[in-house]
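Observations on the model geometry
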Amino acid sequence: MKIIRRFHYALILSIIVPLALLNSGCEYARKVIAKDQLNQGAILYNQGNFKKAKEFFKSATETDPVNSVAWLYLGATMVKEYKGDTGINRDLANETLNVYKKALELSEGNCANYDNAVSYIASLHDDLGNAEEWRNWMLQRAEGKCVVSNEVKATTYYAVGVKYWTCSYAET
């Protein structure tokens, strides 16, 4: 009876340990594949081939859905798309806004990615004509938990001030 129990435990361990190792290996492989997709997309993006780059970035977000950089790059290609020759595509701009919000959600702890996501969200609101939302996101960038530098803080406040000045100048 003891022999069967020991054999049973050994059998269970011999199944569980390789599965645990295999699972962590799969996660690592997914991250490597996503990183390769990001690299391929970045090359195409820099060559001006935004549609193909978007496919690689989209694939990277599907392969590694918690990679905030992949979501930021996907958003960058979508910005190029919604600011097309025919004017701003509002539906695509709103979809892009959701992509950047996903990047923001995933960038907790990485201040550079957090700052990029916040500034892109502010820029999108500016493009859509949402002045109050733009202002709120810009102030979040200047006063948020991830202020990258005093220079970023100063230029952000400056941009808000210029926008107010432009608005008041147009009124007078």
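This one's a predicted model, so the numbers in the text were calculated from it and none came from an experiment. (Residues numbered from 1 in each chain as written. Predicted model: local features only at pLDDT ≥ 70, side-chain atom pairs only at ≥ 80, totals over all residues. Heavy atoms only, no water.)

Looking now at helix α4 (residues 90-106). With 17 residues, α4 should cover 24 Å at 1.5 Å per step; its first-to-last C-alpha distance of 24 Å lies within 8% of that length. Regarding α4, the residues found buried are Leu92, Ala93, Thr96, Leu97, Val99, Tyr100, Ala103 and Leu104. Seen from one end, α4 has its buried residues packed into an arc of 165°, which puts them on one side. Facing away from the buried side of α4 by over 90 degrees, the exposed positions are Asp91 and Glu105. Here the buried face of α4 lies against α3 (68-82), β2 (87-88), α5 (111-127) and α6 (131-143). Where α4 begins, the capping side chain belongs to Asn89, and its oxygen is found 3.2 Å from the backbone nitrogen of Asp91. (Helix = DSSP H or I, 4+ residues; strand = E, 2+ residues; numbered from the N terminus. Expected span 1.5 Å × (residues − 1). Buried < 20%, exposed > 50% of the residue type's maximum accessible area, 1.4 Å probe, protein only. Arc of directions from axis to C-beta. Contact = heavy atoms within 4.5 Å. Polar contact = N/O pair within 3.5 Å; in protein donor to acceptor, adjacent residues only side chain to side chain.)

Taken as a whole and assessed by the stated rule, the structure comprises 9 salt bridges. Where Glu105 meets Lys102, a salt bridge forms, and the shortest distance between an N and an O atom there is 3.9 Å. With Glu105 and Lys102 both in helix α4 and 3 residues apart, the pair spans about one turn of that helix. Relative accessible area serves as the criterion here: at 28%, Lys102 is assigned to the partly exposed category. (Salt bridge = Lys/Arg side-chain N within 4 Å of Asp/Glu carboxyl O.)

Before going further, it helps to examine the side chain of Ser68. Following the sequence through the fold, Ser68 ends up in helix α3. Beyond its immediate stretch of four places on either side in the chain, Ser68 contacts Ala103, Leu106, Ser107 and Asn113.

Our next topic: the confidence of the model for the chain. For any part of a model where pLDDT is low, the fine detail of the predicted coordinates should not be relied upon. The predicted model of the chain has a mean per-residue pLDDT of 84, with 84% of residues at 70 or higher. Between the elements of the chain, mean pLDDT differs from a low of 70, seen in helix α1 (residues 2-46), to a high of 95, seen in helix α2 (residues 50-63). (pLDDT = per-residue confidence, 0-100.)

Inspection of every chain in the model, using the stated rule, returns 3 aromatic pairs. Taking the centre distance of 4.9 Å and the plane angle of 20° together, the rings of Tyr100 and Tyr120 count as stacked. With Tyr100 in helix α4 and Tyr120 in helix α5, the pair connects residues that are 20 residues apart, well separated along the chain. According to the relative accessible area criterion, Tyr100 is buried, its value standing at 1%. In this structure, Lys163 is placed above the aromatic ring of Trp134, and the distance from its NZ or CZ to the ring centre is 4.8 Å. (Phe/Tyr/Trp six-rings, centres within 6.5 Å; stacked < 30°, edge-to-face > 60°. Lys NZ or Arg CZ within 6 Å of the ring centre and 35° of its normal.)

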